[in-house]
Number of protein chains: 2
Amino acid sequence: MLTVIKIGGNVIDDADALDAFLCDFNKVEEPKILVHGGGKLATQFGLKLDIQPQYVHGRRKTDKQTLELVTMVYGGLINKNIVAVLQAKGCNAIGLTGADAGVIKAVKRPVVDVDYGFVGDVPGSGVDVNILASLLGLGLVPVLAPLTYDGNGGMLNTNADTIAQEVAKAMAATMDVQLIYCFEKNGVLRDADDESSVIQQIEVTDFDALIAEGVISGGMIPKLENAGNAVSCGVKRVAIGNAAYISNILSGKSGTEIL
Amino acid sequence: MLTVIKIGGNVIDDADALDAFLCDFNKVEEPKILVHGGGKLATQFGLKLDIQPQYVHGRRKTDKQTLELVTMVYGGLINKNIVAVLQAKGCNAIGLTGADAGVIKAVKRPVVDVDYGFVGDVPGSGVDVNILASLLGLGLVPVLAPLTYDGNGGMLNTNADTIAQEVAKAMAATMDVQLIYCFEKNGVLRDADDESSVIQQIEVTDFDALIAEGVISGGMIPKLENAGNAVSCGVKRVAIGNAAYISNILSGKSGTEIL
C-alpha cells in the first residue's frame, strides 16, 4: 500500500512540530510520498522583498514575482530543509517539484472572469505514474513541493491539497493507495472548539448536509471535496487528522475517515 | 560515455545565453549530467533581503542567512527554471541538490584559521554513484545545484566546479566519463585579451610553468586544479571552453583540453 501524506503550512511554520512530524513520517512504512504546503515563510520573504500580496476573490494571485518567490521558498528552502532532515533520519528522501522528472504537468488556469496568474490546474493525465513508480522502486521517498510546470518552460503554483489528491488518484490506477491529510486539528470536528468532537467517519454523500449544518465550513470545504474526489476515484482510504498523531490516523484510532 | 557539463554564473545571469546553452545541452547525447553555478541572483536577492555579504580572505562566508538564501536561489529559483526549460525541450531533467536521494554528502569545512560557515567539502566517498547511475538508467538527466548536505539535517554550500569534478571522478569508477567546464571564454587563453589565442591542450605537468608565466591566474587556477584532479582520477576527457560552443568542445574543435 502506497501512503501519500500531505502536511500543511501550520506545521511547516513551527520548527518543533515539523521535526516531530518528520520523525513520525520516517516511521511510516514505505512506499510513501510526502506533499508539503507553503506556510507563512513565502509571505514573510515576500514582505522583505517588497512583493505585495495581491488577492482576487480572497485568493492570492500568483504574479511573476510571486511565482519566483514560491519557486524559491517552496521548491528551495522548505523542500530542501525537509529532505535534509529526512536524510538525517535515514529516510532516502528526494525533493521534487512537478517539473523534476516531469512528475506533475499542469495547465495555467484560464482567465475567465478572474486572472489568478501563474496557477496550475492538474489535468487527469498530469501525473507521470510511471516515473513516480520507478523512483519508489529505487527505494526513494518523493517529497513534493506545491509547484508544477506548464511544459512550455514555465513553473506554476499549485495547491498542495490538489497535488496530494491528484498524485494519490493517479497512483491508484497501479497500486493500492491511502491518502492522509495532516493538519493542526484532530479531524473534522462537530464542534470547532472541541478537539474531542471528531467525526470518525464521513460519507461523501453526507457532505452537503454537513455544509448546510455549518459543521464543514471555510477551508475545510475544498479539503473535503479533494478528499471525496480521491475516494470516488479509487483511492482505498482517505483520512484527515492531526499531524501529531500520524500512526493513530494510519491505524484508524484518530482522525476522520472519508468513505 | 557519460558527459558531465558545468555551466557557470555568467551564463546563468544572461537569459538569452542560458536559453541558447540549454538548447545546445539538450542536443548532447545521453547519459549526461548538468551542474550549475549560482550567478549574481543570490547577491541581488541578498541585498533586497538585507543579507550583507561577509568575506573572509576574499571568499564569501556562508552564514546561516546566506545558507537560506542560496538554498532558495540555487536550489529553488535557478534549478527549477533550468529544469522547466529543459523539460519544454524534451529533456527529462530532474533537479537535485546533494541532499536529494543523498546524491552528494559533504563535510562542513573545519574551522582552522578561518570560519567559512556552512560550506561543504566533498570527501572521496561523498557521491552516491549507485543512485546517480540508477537515475541515469531511468533516462533522467540530473541537474545539480551547488548545494550539498551534512547528514545531520543541514544543507551546505559547495562550489559548482567542485561538484562537477567530484561527480565526474566518482562516476568514472563505473563508466567512461568526460567533464566539460563551460564559461564565457573560448578556453585557456595565452593572451587574456585575445579569444583566438586558445591553448588547445595543456598537460597537468605544465600547470606550474603556466602559472609562473602568468598565463593561468586568478579564478582559472582553482578551475584548472579541479580539471587536473579529475584527469588524474580517471576521468577520460576534461575540457574547458565557451558555453556557446558545446558541440565544438565535445568534438575537440574548440576549447582547451586538459591532459
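Conventions adopted
Residues numbered from 1 in each chain as written. Chains lettered and ligands numbered in written order. Predicted model: local features only at pLDDT ≥ 70, side-chain atom pairs only at ≥ 80, totals over all residues. Heavy atoms only, no water. Least-squares fit on C-alpha atoms with pLDDT ≥ 70 in both. Contact = heavy atoms within 4.5 Å. pLDDT = per-residue confidence, 0-100. Core = buried A, V, L, I, M, F, W, Y, C linked by side-chain atoms within 4.5 Å. Buried < 20%, exposed > 50% of the residue type's maximum accessible area, 1.4 Å probe, protein only. Domains from an automatic or database assignment. Salt bridge = Lys/Arg side-chain N within 4 Å of Asp/Glu carboxyl O. Helix = DSSP H or I, 4+ residues; strand = E, 2+ residues; numbered from the N terminus.

Caption draft 1: Representation of the relation of the copies chain B and chain A within the structure. Superposition of chain B onto chain A requires a rotation of 180° combined with a translation of 0.0 Å along the rotation axis, giving an RMSD of 0.0 Å. The operation mapping one copy onto its partner corresponds to a two-fold rotation axis. Within chain B, the C-alpha atom positioned nearest to the axis of rotation is that of Gly76(B), 1.9 Å from it. Interface residue correspondence from chain B to chain A reaches 100%, placing this contact among same-surface, isologous pairings.

Caption draft 2: Quick look at the confidence of the model for chain A. Averaged over all residues, the pLDDT of chain A is 93; the fraction at 70 or higher stands at 100%. Confidence metrics for the complex model read pTM 0.96 and ipTM 0.95.

Caption draft 3: Expanded view of the nonpolar core. One finds Val4(A), Val167(A), Val4(B) and Val167(B) to be the most contacted residues of the largest nonpolar core, which totals 94 residues. Shared between two domains, this core holds at least three residues of each, these being domain 1 (1-171) and domain 2 (176-259) of chain A. In contact with Val4(B), other than residues within four places in its own chain, are Ile33(B), Val35(B), Ala164(B), Val167(B), Ala168(B), Val177(B), Gln178(B), Leu179(B) and Ile180(B). Grouped together as the second largest cluster of nonpolar side chains are 84 residues, Leu18(A), Leu86(A), Leu18(B) and Ala99(B) included.

Caption draft 4: View of the pattern of salt bridges. Residue and element names in this part refer to chain B. This structure, assessed with the given rule, holds 18 salt bridges over all chains. A salt bridge links Lys6 to Asp161; the nearest nitrogen and oxygen atoms lie 2.9 Å apart. Here the residue Lys6 occupies a position in strand 1 (residues 2-7), and Asp161 occupies one in helix 6 (residues 160-171), the gap between them amounting to 155 residues. The burial state of Lys6 is the same as that of Asp161; both residues are buried.

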